[in-house]
Structure formats: C-alpha cells, structure tokens
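An overview of the molecular structure
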Amino acid sequence: MEEQKVQSSQQEKKGLEEKKKRNKNKSSKASLLFLHLFQHTFFAAAAALTVMVLLGTCVVIKTKDGSEIYNISHDNIMTDIDNVSFEDSNMFNRMLGNSASDIICYGAIRAQMETDGEFDPKKKIDVTAFDERYYGVSSEYITADYYLNDLIKWAQAGFQYDTVSLTPKEEIAFLGQQSIFRVVDLDGYSGGTVSYLNSDLNSTTREIPSVSSNQLISDDFNNDSYRTTSNLLNNRYSSAEGKNIEEYVSTWAEYSTLCNHVVNAAKDLEINYKEYLSYKEYYASENTNVVYFIRRNVGGDIQVFTNMNTNDITLSGLSKSLKARCSRYIYYDPLNMQYDTNTNVGEDAIRYVLNGYEYAYPEDTQIMVGIDTSYPHKDAFYQGKTEFGKYAPYVVQYLAGAVFCLFMYFVFLVSLTLKEGRAGRKENGEAVMQLYWQDRIYTEVMLAAAVLTGVGLFFGTSSLVSRMWRFVDQNVVIAVSGILALLFSLLFSFFYYSFVRRIKAGMLWKDSLFRKLGMTVKSLIFYAYNHSTSILRVWMPFGIVILVNAGVTAFMLWKFGNSALLAILVILILFDGAVGYLLYRSSLARQEILEGIQLIREGNLEHKVKEEGMYGEDLILAKAVNRIGDSVKEAVETSMKDERLKADLITNVSHDIKTPLTSIINYVDLIKRENVQDVKVREYIEVLDVKSQRLKQLTDDLVEASKISSGNIVLHWEKINLVELINQTIGEFSEKFENKALYPVLQTPKGSVYIMADSRRIWRVIENLFNNIVKYALEGTRVYIDITIMEDKETTAQVLLSIKNISAQPLRVNPKELTERFIRGDESRTTEGSGLGLSIAKNLTEAQNGKFEILMDGDLFKVNMYFPLLKE
C-alpha cells in the first residue's frame, strides 16, 4: 500500500510539473503575442501622428491647373502663428507670384484672340510672323493673313495632304507666277528682325517674278512624260484675301515653308484658344479676387487688357483704380525701370516670366496685379485665407508623440529579436528553437519576396495616401495611414523574424539555394577529376580515329567521285562508333573493377561491381572481385548522370562565380545603410564596395569574352542609326568626360547613317571604347569622333567610325597586342581596367561583319571601325 501511495504521489508530481511546463509555454507564447501587438500598435500610431503633422502644416488649394499643396508654416514655425497674417505669409506670396505668371501668359493669349477687349473671330493672323514669334523674321518675308476663327477650326478638323504627280506645265499653272513679299516699315525701330508684335506695324507688299518657273520653260516643258510627285496641302480655308497658299509663292520651297507656317500657327492657336477660355473664366471679375491690368504700346496704339470695369485706360487711372481695391499689389514698368510692390514677390521673378513672352510685350508695357484682400469671391485666395487659419497648434506635440512611438517600436523590435525563436522548453539543458513553415522556405526566395513585397507596399501606400490627401477628408486619411502602417508592420515582422529564427537555429545558410548549388558543383568537379583517366584514354584516341577516317574517305570521294565510296564512308563511321563505344565500356568496366578492389581493400565487403555488359577478362575479373552486386546499377546510373552534367560544367562555372560576389555586393550595400559612425570603418566599407564592383565588372567581362570567343552569342540584327547612337553615348558619358576634362568633338555627315547590327552589342563596343578613353586619355585634351561614308564603285559602300585621343601614358605596346586578352597599355596597372575591353570590342565588331583596327603615332591612340553602309 505504501509503495502504491509513493508511486501515485510521484505520478501526481510529474503531472503537475508537465502542467506547469505547458502553462509556462502558453504564458510565454501569450507574452510574445502581446509584445508583437504593442510593437505594431506603436508603429501604426507613429505613422498616424506623422500624417497629422503633415496635415496640420500643409493645405491643398484648388487652382486653374488642378490642386496644389502649400506649406502653411514654412519659415513661421518658430513664431507665433496667430500674429502672422495670411497676406504676410510665404504662402500668399507664392500664390500671388503664380497668379502674376498666369496673368502675363493670359495677356499674351488675349493679344492673339481679342480686338478692343473682345474675342474677335475675324482677327487677321500673320501666319509666318506668328509661327516665328519666338525668333523673329526679316523685314521682308512671305506670309498670308488668315482669320483667327478659320485657323482654329482648321486645326480642330485636321490637315490633309494630297499626293499628286505634275508635269512641268501643271507645276507652273499650280504655283503663282510671282512671290508676294510683305515689307514691314522699321523706321524708328532698331534691329533687322520683326517679331510677331511688330508685324502689326505699317507694311506693304512687293511681288517678285518666279525664277524657278522661268527655268521650267525648256525642252521638258511640253514633255508630259516628265512628272514630279508633290504633297499638296488641302486648302480647307482661304486666306483673308480669298487666296490659297500656292497663290503667294512661286517655288516649291516657298510653298512648303508657307504650308508649315500655316499648320504650326493653326495648331498653336487651337491650344491657346483652349487656354484662353480657361483663363477667361478663372480670372473673370465675378470669379476671382485677382485684379490686374496690362497696358502696352504697339506702334503708337495703346492696348489694355484688364478685368476691371473702368473707362479710364490712362496709366494713372488704372493704377489708382487697382490700388483702391487691392491692399497687396505688384507694379512693373520696364520702360521707366520701375518696380513697386508691398509683397515679397521679387522683380527678378516677374522679369523671368516676361522673358518667355518677349514677342507679346514691347518695352513700353506696364503690368499691375493686385489682390482684393476683402476676398469677396470664393477663389484660391479665399480658400488659402480660410485654410491658413486652420494651422494646427499642436504640431510639435504630434511630432514628439510620433518620435516617442517610433522609439518604443524599436525598443519592442530589439526585445522581440532577443526572444524570438525560443519555444520556452529545454532539452539537455539548452533552449529548443521553434521554427514555422515560412522558416523552411529557401533563404533567397524569402529574401526576394520580402524585397518585392516591401517595395510594392511602399510605393502603393505612398501613391494612395498622396491621392487621398487631395480629395478625401483628413480624418479618413489619418485612419487609412494607420491601417496601412499596421499592414506594413505585420509584413515586415513576418519576414524579419523569420530571418532571426533562421540565424539563431543556424539554418540561414543551410536552407540557401546557393549552398545547394555549390554542393552540386563540388560533386561534379570531384566526379570529373576521378574519371579524367577514362576520358583522356578513350575519347581522345577515338576522336583522332574518327577525324582520320572521315578525312581519308572525304578525300577519296572528292578524288574519284565513285558512289560506292559513300557507302564505305557510312560503314566506317558506324564501325568506328561501335569500336569507340566498346573501348569506352571496357575502360569504364575496368575502372569500376579497380574501384571495387579499392573499396574491398578498405573493408567495404558489401560493394559489388556490375557484371551485366561485361565480356572476357572484364567479366572474369568482376566475378572474381564481386560477390554482392545490389548497388552496382545505382552506381552506374549516378556515373552516367554526372557525365551528362559534366558537359555543362564549363558553361555554368563562370556564372556560378557571380553568386557569392552578388551576396558580397548586397551585404556591403546593407552595411552602408546602417549609418556607421566610425570613419575608418566607413573607409573600409567604401574599399569593399569599390573592389567588389570592380570584380563584378571583371567577371562580366570574362563571361562576355568567353561567350564571344566560343561563338556562343546570338545576334539580333536591326537597322541602327550610327549618328544617333554616338550622340546618345556622348550624352551618357558627358559627366565622366567633364570629370576628366575631356572635350568630345563629333563630325558626322548630314542626315542619318544606317548600318545593320545588334543594338546591344554595338552599344557595348562603343561603351568599351569610351571607357578606355576615360581611363587612359590625357586630361584637358579633345576626343575626336568622326563618321565618314566611304563609297567605291568596285566595292560595297562602308561607314568608317574613327575615335582618336591623346594617351596620358607613353604607348610602348604593339597595337595588335592591345586587342588580346588581359593586355593593357598601362604597364604599371594602376588604373581600374581589366584588359578585356578592347578584346571584346574587336570580337563584337568582327561578329557584326565589321573590321576593327588600332593605330598609334606617338601618344596618339586611334581606333578605326568599318561597317557595311545600309542605304535607306
């Protein structure tokens, strides 16, 4: 009885201990769950408070061109915001500056659209002067006047061209007999060009007889078989004089130029008409608090554009009327060098905007823009005034709260990093690591998923919040920001703590794809090494026999031409193949027997050599050595599999070198982001970064050189504009050239020069040559790049691309040696080159049917490349 009681007591005690362990495990899991909950909560709170800070200091104002964000506090955050008026704020001055810019643009468009302050559809437009308004025209030029309404409707309907074939007689009949020139009176004006504005000055017309038409009156005049093809613009509308375009010109060149002026002027006017309607509504006196006038003198004609209802268009009257309504204003008079304002908008800003519209504003122009600060209309300034008063008074407190929440988040992050992975139980005195399903996914796959998820969520969240900020209530924006931050924190924890558990359990490298691939490569290398004797002893002699037999048979077939020799050739090939196969099988069997003997000698008595397929002495030896053969079949299958994989080893090993190098580069990049404070450590990291990048470039060059030399590249032929390619390359290397004080000088034929090449490969050639220049050229010198077309009646036309520079170091190397691998002109090898650039460039050039040569004369280094010219 006592023994039973003792056993019962021990069982109860054991049960209580197990129950305590289970409760402890549950308690540990619950505590981890609460820690995670607090961590996510603090992160979401930090995000919400940060958004509250942004919302409390910025407002969204609806302008003519859409919503625009303005900072309320800006430089006033350290002052008492209640003592700063809206009209004295940077926000107001920025809005006023934007409005002044709009008014200047609007004034230029009104000058195009209106007569006496009203839209004039019958306003005559000088198409040549309008199209060339930014550049000016000479005092005599060919043009035509069209009605404004006709040009706008013409652009809206589209321009149509008819392709016709004309005889010389029809050409003369179509074109005018004389060119009509417009002559502008420039008396009292300096300069020899006429702007669009000055085309409204006094002008006359002058007709010049057509020279080209007279030249057409020759032997071909009555020859109807002689025709030329021309594109004629369909005259949907006539000019203000009722004429078509061809009636103003007498040559095809003049016709084409005038057509272009008509088309360009119509398209620009259509765009400006849409802007005109938008400006007119936005800055109408009943819709805006902006008050303005623009007064300009065009050839003695005073023109005024304003939204004030006043009949007094004198400068003093306009200015007095505007100041009476507006407490904030800008006045600019460039003729009298006057600039008056009671705002912070600078004169340079107004002058900068006016420079873009010089054609519309002569020197005798006065511009005044003011704001009615009583804000009778609900426009952008009214909204700005209202929103300015909503500046959050607790921004500093919100910011402090966000910093505190973020600090607590990192505290919990560190705490959970230390606790994560422990199951709360021990075996043999050590804590057992608890792993989950996501911890068994390959490390690289998990890392890629983490990066893609993080990047996608970050950009998606940023885009969503920025859009909501403009159109959704602020409280909704704050709530959505908190929810998205919570989601981001959950996903981050999912990936981050998985890596923490892997590191603690020692599974980060064990579950790596790189490790698995490395083990596979290692086994392949050992297999090839162990079977090298059989490969050299059998297949090399067999290959020699095949080549000799094939050569002899081919020679006899060519020499005698007997059809029987073809049958002999087939028989010899089959026989040699059978012999080679038997020799290989015999050698493999002998090697297997020797391996079996070695294993038996070492004590592995269960090993058995496969007897199937063996004959003669091989079978006798196998039977003598073997008594157990259950594992022979598996060994042979493994051997054959390794033989198949060995064929791909040479190709794959070069790519496998990149695997650890990529990890080094990535981890160096991660270390750089850790904000290391130690200067010496930062220097070490920088050296690691530079050297790893250089090693990566060298590896890429090695792989590229290997592919090219083996012919293992696929070219995608396409039509390449060599001139455009060189210009793009010079643009991309401009910064490197500037750093080395190198000045490219490009000389090309007029127009485009086309060749057939692979765009990626030809780019690599030019990139290598430009990199070679950056590394080895003497600083402060010119780099000459010439493209020449070489045409010869006896040979195919070619394109010569020549690149010349002065070397910084003496050139003591044979030019032919420079295109060999690992040969560098810098014998001291102090530069960052690999010695492969010119070799790759030459091989790629020759692969694309080109010729590559290097010439040297003293310190002059010159590369010539020849390609067949592709004619258009």
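Look above for the structure.
Residues numbered from 1 in each chain as written. Predicted model: local features only at pLDDT ≥ 70, side-chain atom pairs only at ≥ 80, totals over all residues. Heavy atoms only, no water.

The next thing to look at is the packing of helix α2 (residues 90-113) against helix α7 (residues 252-282). Contact geometry for α2 and α7: axes closest at 9 Å, N-to-C directions at 120°. By the criterion of interaxial angle, the relationship of α2 to α7 is oblique. The two elements α2 and α7 cross, and the hand of that crossing is left-handed. Residues Asp102, Cys105, Tyr106, Ile109, Arg110, Gln112 and Met113 of α2 lie in contact with α7, whose contacting residues are Leu269, Asn272, Tyr273, Glu275, Tyr276, Tyr279 and Lys280. Of the residues belonging to the contact of α2 with α7, the class tally is eight nonpolar, two polar and four charged. (Axes fitted to C-alpha atoms, helices over the stretch in contact; angles between N-to-C directions. Helix = DSSP H or I, 4+ residues; strand = E, 2+ residues; numbered from the N terminus. Parallel < 35°, antiparallel > 145°, perpendicular 65-115°, else oblique. Left-handed = near helix turned anticlockwise from the far one by under 90°. Contact = heavy atoms within 4.5 Å. Nonpolar A, V, L, I, M, F, W, Y, C, P; charged D, E, K, R; others polar.)

A cluster of nonpolar side chains, contributed by Tyr442, Val445, Trp509, Leu513 and Phe514, occupies part of the molecular surface with about 460 Å² of accessible area. Among the secondary structure elements, Leu513 is positioned in helix α14 (residues 513-530). On the basis of relative accessibility, which here comes to 34%, the residue Leu513 falls in the partly exposed class. (Patch = residues over 30% accessible without salt bridge, like charges linked within 9 Å, V, L, I, M, F, W, Y side chains within 5 Å. Areas by Shrake-Rupley, 256 points an atom, 1.4 Å probe, with all protein chains shown as cover. Salt bridge = Lys/Arg side-chain N within 4 Å of Asp/Glu carboxyl O. Buried < 20%, exposed > 50% of the residue type's maximum accessible area, 1.4 Å probe, protein only.)

So, on to the side chain of Asp333. Relative to the elements of secondary structure, Asp333 occurs in strand β16 (residues 328-333). Nearest to the buried, unbridged Asp333 among oppositely charged side chains is Arg295, at 7.9 Å. A polar contact is formed between the side chain of Asp333 and the backbone nitrogen of Leu335, at a distance of 3.3 Å. Not counting chain neighbours up to four residues away, the residues in contact with Asp333 comprise Gln338, Thr365 and Gln366. (Lys, Arg positive; Asp, Glu negative; His and termini not counted. Polar contact = N/O pair within 3.5 Å; in protein donor to acceptor, adjacent residues only side chain to side chain.)

Moving on to the packing of aromatic side chains. Enumeration according to the criterion identifies 29 aromatic pairs in this entry. Each ring, one from Phe86 and one from Phe92, has its centre 5.4 Å from the other, and the planes form 85°; the classification is edge-to-face. Assessed through its relative accessible area of 1%, Phe86 is described here as buried. When the ring of Tyr146 is compared with that of Trp154, the centres are 6.1 Å apart and the planes differ by 50°; the resulting orientation is tilted. Judged on exposure class, the residue Tyr146 and its partner Trp154 are both buried. Pairwise contacts between aromatic rings join Tyr106, Phe119, Tyr273, Tyr276, Tyr279, Tyr282, Tyr283 and Tyr292 into one cluster. In this arrangement the basic side chain of Lys122 is found over the ring face of Tyr147, its NZ or CZ atom lying 4.6 Å from the centre. Sitting above the plane of the Tyr359 ring, Arg133 keeps its charged end 5.6 Å from the centroid. (Phe/Tyr/Trp six-rings, centres within 6.5 Å; stacked < 30°, edge-to-face > 60°. Lys NZ or Arg CZ within 6 Å of the ring centre and 35° of its normal.)

As a further point, take the packing of α2 against helix α10 (residues 380-388). The interhelical angle for the contact between α2 and α10, taken along N-to-C directions, is 170°, at an axis separation of 11 Å. Relative to α10, the element α2 lies roughly antiparallel. For the pair α2 and α10, the contacting residues are Met91, Phe92, Met95, Leu96 and Ser99 in the first and Ala380, Phe381, Gly384 and Phe388 in the second. Across the contact of α2 with α10, the residue classes tally to seven nonpolar, two polar and no charged.

Reading across from one edge, β22-β24-β25-β27-β26 is the order of the five strands in this open sheet, with mixed pairing throughout. Looking at which strands have only one partner, the edges of the open sheet turn out to be β22 (743-747) and β26 (851-857). Strand-to-strand twist in this sheet, taken as the mean axis angle between neighbours without regard to direction, amounts to 15°. Taken together, the five bridges between β22 and strand β24 (residues 782-790) define a ladder with parallel strand orientation. Paired with Val745 across the strands is Tyr784, a residue of β24. With respect to the sheet, helix α25 (residues 837-847) is in contact with β26 and β27 (860-868), its orientation differing from that of β26 by roughly 140°. (Pairing = 2+ DSSP bridges.)

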